Structure formats: structure tokens, C-alpha cells
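# Notes for the structure review
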Amino acid sequence: MFRGTDRLFIRLIGCAALSAIGVQLAMALFLGHGAFPILAHAGWGFLTDSVWNPVLDHFGALPILYGTVLSALLALCLAAPLGFGIAIFLAELAPRWLRAVVGPLVELLAAIPSVIYGLWGIFVLIPWLRDSGEPHLIRALGFLPLFRGPAYGIGLFAAGVILAIMILPIITALSRDVLLAVPNTQREAALALGATRWEMIRIAVLRYGRSGLLGAVFLGLGRALGETMAVTMVIGNRPDITASLFAPAQTMASLLANEFAEATGELHRSALFAVGLLLFVVTLGINALARVMVHRLVPQRRSVA
Amino acid sequence: MILCCVGCTLIALVPLLLITTQLVQRGWEAFTPALFTALPRPVGESGGGMANAFVGSGLILLLAAGIGIPLGIGGGLFLAHTRSTRLAAWVRFAADLQSGTPSIVTGIFVYALCVTTLGHFSGLAGGIALGLIMIPLVLRTTEEMLRLVPREVREGAIALGIPYWRVMCSVVLRAARSGIVTGILLSLARIAGETAPLLFTTLGNPNWSFDPLQPLAALPLQIFTYAISPFAAWQRQAWAGALALIGFVLLLNLGTRICFRTSSSAGDKP
């Protein structure tokens, strides 16, 4: 059936499709190539050393990993319960017209560019955190080491709050789709056994959609790990390990944004490539896991923009 | 518990409200015609605008669209052509992973690919980086939209003896046109605000710049530079630039959502 131009056409669109796979492979290759010198130089010590000092050509990524993980976890702690709450509201409680209004409004949060979140963070969120938010937290929860220390405004906590706002729409949209994919027979069965509305949601809907909800959280985590501009603008950019949430810190993405254009030494640039490679591999793994968990419940879904 | 869920929803809408009102309030002051027509002035002189950044962003978006749209639509056509083969599944998976890859990682990749080979920062490199971010977004929406075109349309066209490539391009693509255009516009809105990959590909430029082979100015980069600067005049311009950027992004988002109500019905209960 296919001849001449048709074959050429199929080959062309095939190439376009393969470019999607090619880009991912090329990324791994280029980043690995760039990261090779530092990995040959420092080995595993690169991940466990806690001093990052470009001036002395000493590169240990531990403080940066610490900042990345802590800011992302903080964002998840804030965003996941909120996201689930909204998803339950949208999928189970809201009337159809309200769902059509609120859903897109929450998704608009994802459309705001990262740099604008950063701008807002610098001029609105940080002054507020410094003057009223953090002092209150220190007074109330100061018995925990996490909530001690001076309230700078900038720091891990501000980054976590902004990240939470930024990943909220992704967690919400995905968990809503997971909840909507729960078969109605599940709900009916629970109701028939005499469950109240809330018990029905808890027993029949949330438990059924467990893995999908976890997948949504993982996808949010992947996004939080890689978010760059907003974090760079509010986190303080100091690669230290401190117990306090209010201290300035550094994440993988913000480190790259700060130092990459100015890196001059061979080893410095290679260390930054290694951080990029690590970020790439970690987000790749988390996203792949998340996709598998969500796809099991929601077979076909448009990708979250 | 029900109240709790309603509360969550209200809390989520607070930041949206806060950010948009603050942007309008603080950005309005410097939101003058000069913002779009004048060049940045040196520190200490008042006035000036971000015209170079608007032009630069436009050029970079054009470059990105030139890469992202053909590759995305081509890939989408391929997935519609070979629906459920193993290769199609891999392409789909790779596209999903690419849309989850942090944009700064894409930036480093393009730096290694393009900036080191050319020897200097350039608008072209920025366009490539944004184009790569655009591909999976266009690809997935194209595929979804082509999936909605009934088999009969394709079969009917083939039965008329039209070559397969014309069936796909003139009949099937055209039937899905409005949805694909929506996807393209949304992906443009998405990359218009991307800053991280531009930091070390495009670099930014405080003067008029039209040559894509040289460093170009870009709106998000200029907002970033101005926002972290200590000068009040620059900070005001950052707010005004942000207002212009978010106006563009939200207009595209809301406009396409209202014009083509495809996305809101997709998540409804069956």
C-alpha cells in the first residue's frame, strides 16, 4: 500500500518521533561526558563530601543534596494534603459547574512562570515571613531544632512555601483524575453497606486510588526537585548544612543557575555537570515511577502542561 | 471533613489572587508605553523600558516554535500512524519523561551541545533549548487530538485513492486542527516564561539585538536581573515586565480554554 512519497513521509514522521527518544539519550550522554572529570577525580566522595568551595577547587555535593531534599520534602508536606483535599472536593463534592470553574483556576497556578513566583517571593512573601510568619513559628514550635534560629525571611522555608504553591496544581490535577477513574460500583457498594459519604470516600475511593495518589505526589516531587528560578531567588544560595529551616541553603537547580555561566575552571564546570547529571537521573527515575503508578489507574491521560 | 476539603480549595486560590493583585498593583506604575518602546537606561537615570527584551523574546520564541512545532506534530502523526507498537510506547514514554525533565537540565544539555561547539552564547541556543521543551507538549496534544478523529474519516479518504501522506496531512490533521492549535498556543505560553535554560544559552543583552547567532535579550531574563538588583527603578520595571509577561501567558491560557473547551471536559466523570 505504501509507495514512494508515502514511505518518505512515514520515515520523516518516524524521525520526528525518534527525536523524542534521541534527546533523552543524548542528554544522558552529554551530561555523563561533562561529569566524567570530577567523578574520576573525586569518585563517590563527590556525594559525601560536605564542602563546596570553587575557589579551592574542592567540590562536595552533600550540602546541595541536603538543601534539595529538604526543600522538596517541605513542599510536599504542605502541598500533598492540600492537593488531595482539593481533588476530593473537585471529584466527589463539587457540583459540575463549580468543578468547571475551580479546576482550571487551580491549574492556572501552573501557568505562572517560575521567575514571577520568584519576584513575588522576594518582594511580598519574604518580608511577610521575616516580620510575622517566621517569628510566630519560632515562638510556637521553637522547641524543635528545625524551627530555631534567626528569621531571615530568605531560606529553605520560603523556598518550600513557593515550591508548594508551584507543585499544587500538578498534584491536584492528577489526583482528581485518579479519583474520577475510580469505578462507580466501588462507591455504590460502600454506600449500600451503610457507609456515610465521608466513609465512602475514605474506604472506597481513596483506598482504591492509593497508588495513583502516590504517583501524583511523586510527580510533584519530581517537579519540586527541578524547579529553578523561584528557588534561586528566595533560598539564599549558601551551600551549608544547618538544622534550621529558616537558614539559607542551596539546591541542585539553584546552584546550576548561579554558578554555571561563571564557572571557569575545568573541574568546577565538570562538578556542575555532575550535579546536572544527578538531577537528571533522579527526576527521570521519580517521573518514570510516577507515570507507571498513575497509568495503572488512568490508562490514557493528556500530559499535565 | 467536607468543610476541610472546601477550605483546602479556598487556600489554594489565595496565592493566585495575591500574586495577580500584587502584579497589577506594583506593575501598573511602570507599565507605560516606554516599557515597550525604549531601551533600558543605565542605573541612576529614570525611565527607559524593556523593548529589547520583548524583541529578543519574540525571536527566541519564533526559533523555538520552528523546532518544536514540526518535530512535535511529526511525532504526533507517527504515534497516530503506529498506535500501539512497542516503538510508539517508548516514544510516548520518552516524551513524558522529557516534559518532566527540569528545564535547567535541558539548558545544560544545550550548552554542551551548542554553546561549546559555537564557542559563544547565542539566541539560537536559547531557541533550541525552548524548542526541546516544547516538543513533548506539542507531540502529546497532537496525538490526543488525532485520536479523536474518527476512523471513518481516514478510511473514507484512503478509499478515494488519495495518497496516505495527503490523507494524514490534509484530512486527518485538518480535522484535528483546532485542538492542535490550542496545544501549540498553550506550549508557547508555557515556554514564554521559561528562564532557567536561557541563563547560560542566550545569556541576555542590554542593547538592541536582532542577530540570533549572538547573545539575545529575553524578557524573563531581564525580569530576573532587575528583580535581584538593588535599584528601585529596576525593581519597578521588573514588576511591569512581569505584568506584561503574565498578561500574555494568562491571556493565552484563558483564551484557549474559553475558545476550545476541550481540556475541561476531558477530566469529567463518565
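For the structure itself, consult the block above.
Keep in mind the model is a prediction, meaning the values are calculated, not measured.

Right, let's talk about the pattern of salt bridges for a bit. Summed over all chains, the structure comprises twelve salt bridges over all chains. A salt bridge links A:Arg187 to A:Glu92, with the shortest nitrogen-to-oxygen separation between them at 2.8 Å. A residue pair is termed long-range when its members are at least 10 positions apart, and A:Arg187 in helix H7 (residues 184-192) and A:Glu92 in helix H3 (residues 62-93) qualify at 95 residues. Of the charged contacts, one joins A:Glu107 and A:Arg176 as a salt bridge, the two residues approaching to 3.4 Å between their closest N and O atoms. One end of the pair, A:Glu107, is in helix H4 (residues 96-111); the other, A:Arg176, is in helix H6 (residues 156-180), and 69 residues separate them in sequence. In this pair, the class of A:Glu107 matches that of A:Arg176, namely buried. Each of A:Arg291, B:Arg92, B:Asp96, B:Arg140, B:Glu143 and B:Arg147 takes part in salt bridges that share partners, so that together they form one network.

Residue and element names in this part refer to chain A. With respect to the element layout, Thr-251 can be found in the loop between helix H10 (229-234) and helix H11 (252-259). Using a relative accessible area of 4% as the deciding quantity, one classes Thr-251 as buried. In contact with Thr-251, other than residues within four places in its own chain, are Ile-64, Gly-67, Thr-68, Ser-71, Val-231 and Ile-235.

It is worth spelling out the interface of chain A and chain B at this point. Every contact between the two is made by 79 residues of chain A and, on the other side, 80 residues of chain B. Taken together, both faces of the contact between chain A and chain B bury some 7500 Å²; the carbon and sulfur share is 78%. Of the charged contacts in the structure, one is a salt bridge between B:Asp96 and A:Arg291, with a shortest N-O distance of 4.0 Å. If you look at where chain A meets chain B, you find seven residue pairs in polar contact (both at pLDDT 80 or more). Examining the composition of the side of chain A that touches chain B, we find that 18 residues originate from one element, helix H1 (residues 4-42) of chain A, more than from any other.

Reading the values: rules and limits
Along each chain, the written sequence defines residue order, and numbers are assigned to residues from 1. Just so you know, chain letters begin at A and ligand numbers begin at 1, following the order they were written in. Totals for whole chains, interfaces and linings use all residues, but because this is a predicted model, local features are given only for residues with pLDDT of at least 70 and pairs of side-chain atoms are given and counted only at 80 or more. Just so you know, side-chain values use all the structure's heavy atoms and leave hydrogens and water out. Criterion for a salt bridge: a side-chain nitrogen of Lys or Arg within 4 Å of a carboxyl oxygen of Asp or Glu. By definition, any uninterrupted DSSP run of H or I lasting at least four residues is a helix, any uninterrupted run of E lasting at least two residues is a strand, and each is numbered from the N terminus. Exposure classes here rest on a 1.4 Å probe applied to the protein chains alone. A residue is buried below 20% of its type maximum, exposed above 50%, and partly exposed in between. For this analysis, residues touch if any pair of their heavy atoms sits within 4.5 Å. A simple way to read buried area is as the amount of 1.4 Å-probe accessible surface that goes missing from two parts once joined, with both sides added. Polar contact criterion, stated in full: a pair of N or O atoms within 3.5 Å, where within protein one must be able to donate a hydrogen and the other to accept it, and residues adjacent in sequence count only if both atoms are side-chain atoms.

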